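# Descriptive analysis of the structure
Residue-level listing of the chains:
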Amino acid sequence: MTIRDYNSLRRAIFDEASKLPEVAAALDVSDVVYIYDVTDAKQQHGVLVLTARSQLNAAVLADNGFDPETADANLAIKLSRKTKCAIL
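If you're wondering where the values come from, they're calculated on a predicted model, not measured in any experiment.

### Description of the pairing of strand E2 (residues 45-50)
One ladder, built from six bridges, connects strand E1 (residues 32-39) with E2; its direction is antiparallel. Bridge assignment links Ile35 to a residue of E2, and that residue is Val49. Between the end of E1 and the start of E2, which pair antiparallel, lie five residues, with Gln43 showing a positive phi angle near 65 degrees.

Below you can see the structure in the form of structure tokens.
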């Protein structure tokens with residue numbers, strides 16, 4: 001894979017992600033969007049779209065139905081509105 005191919009892939013991911021209403025709304029208010037893959041001990045699984053890393057906290061996890069004590073959140077994708085690409 002060339003750098004050009006890699007950059008095209010990152011752009012394609014950004015383009016597809018920005019078609020989702022929740023992601024598009026986040027990109028309207030922030031230059032960077034963080035997409036987290038979250039699971040907890042109850043085997044609940046979900047995705048959180050946040051506009052700042054500091055938004056991933058116990059209150060947000062609880063508001064979205066996750067047990068903050070057992071939740072495991074992994075950054076899956078970071079999107080940049082300025083460069084219009086995904087940072088993997």
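### Describing the sheet that holds E2
Spatially, E2-E1-E3-E4 is the arrangement adopted by the four strands of the open sheet, whose pairing is antiparallel. In this open sheet, the two strands that pair with only one neighbour each are E2 and strand E4 (85-87). Neighbour-to-neighbour, the strand axes of this sheet turn through a mean angle of 25 degrees, independent of strand direction. Pairing of strand E3 (residues 72-80) with E4 involves three bridges; the strand directions are antiparallel. Each bridged residue has a counterpart across the sheet, and for Ser80 the counterpart in E4 is Cys85. Contacts from helix H1 (residues 3-17) reach E3 and E4 within the one sheet, and its direction differs from that of E4 by about 105 degrees.

### Digging into helix H2 (residues 21-29)
Every buried residue belonging to H2 is among Val23, Ala26 and Leu27, and all of these are buried. Projected down its long axis, H2 carries its buried residues within an arc of 100 degrees, all on one side. Every exposed residue of H2 that faces more than 90 degrees away from the buried side is listed here: Pro21, Asp28 and Val29. Packing partners of the buried residues in H2 comprise H1, E1, E2 and E3.

### Looking at the environment of Leu48
Mapped onto the elements, Leu48 comes out in strand E2. Along the chain, Leu48 and Ala73 lie 25 residues apart, while their C-alpha atoms are 9.0 Å from each other. What Leu48 contacts, discounting residues up to four positions off in sequence, is Tyr34, Ile35, Tyr36, Val38, Leu56, Val60, Leu61, Asn64 and Phe66.

### What to know about the pattern of salt bridges
Within this structure, the stated rule accounts for four salt bridges. Between Arg11 and Asp15 there is a salt bridge, and its shortest N-O distance comes to 2.9 Å. Of this pair, Arg11 and Asp15 both sit in helix H1, four residues apart, roughly one helical turn. On the basis of relative accessibility, which here comes to 38%, the residue Arg11 falls in the partly exposed class. Taking the shortest distance from any N to any O, the salt bridge between Lys19 and Glu16 comes out at 2.9 Å. Note on Glu16: relative accessible area 49%, which makes it partly exposed. One salt-bridge network, held together by shared partners, links Asp31, Arg81 and Lys82.

What counts and how
- Residues numbered from 1 in each chain as written.
- Predicted model: local features only at pLDDT ≥ 70, side-chain atom pairs only at ≥ 80, totals over all residues.
- Heavy atoms only, no water.
- Pairing = 2+ DSSP bridges.
- Helix = DSSP H or I, 4+ residues; strand = E, 2+ residues; numbered from the N terminus.
- Axes fitted to C-alpha atoms, helices over the stretch in contact; angles between N-to-C directions.
- Contact = heavy atoms within 4.5 Å.
- Buried < 20%, exposed > 50% of the residue type's maximum accessible area, 1.4 Å probe, protein only.
- Arc of directions from axis to C-beta.
- Salt bridge = Lys/Arg side-chain N within 4 Å of Asp/Glu carboxyl O.

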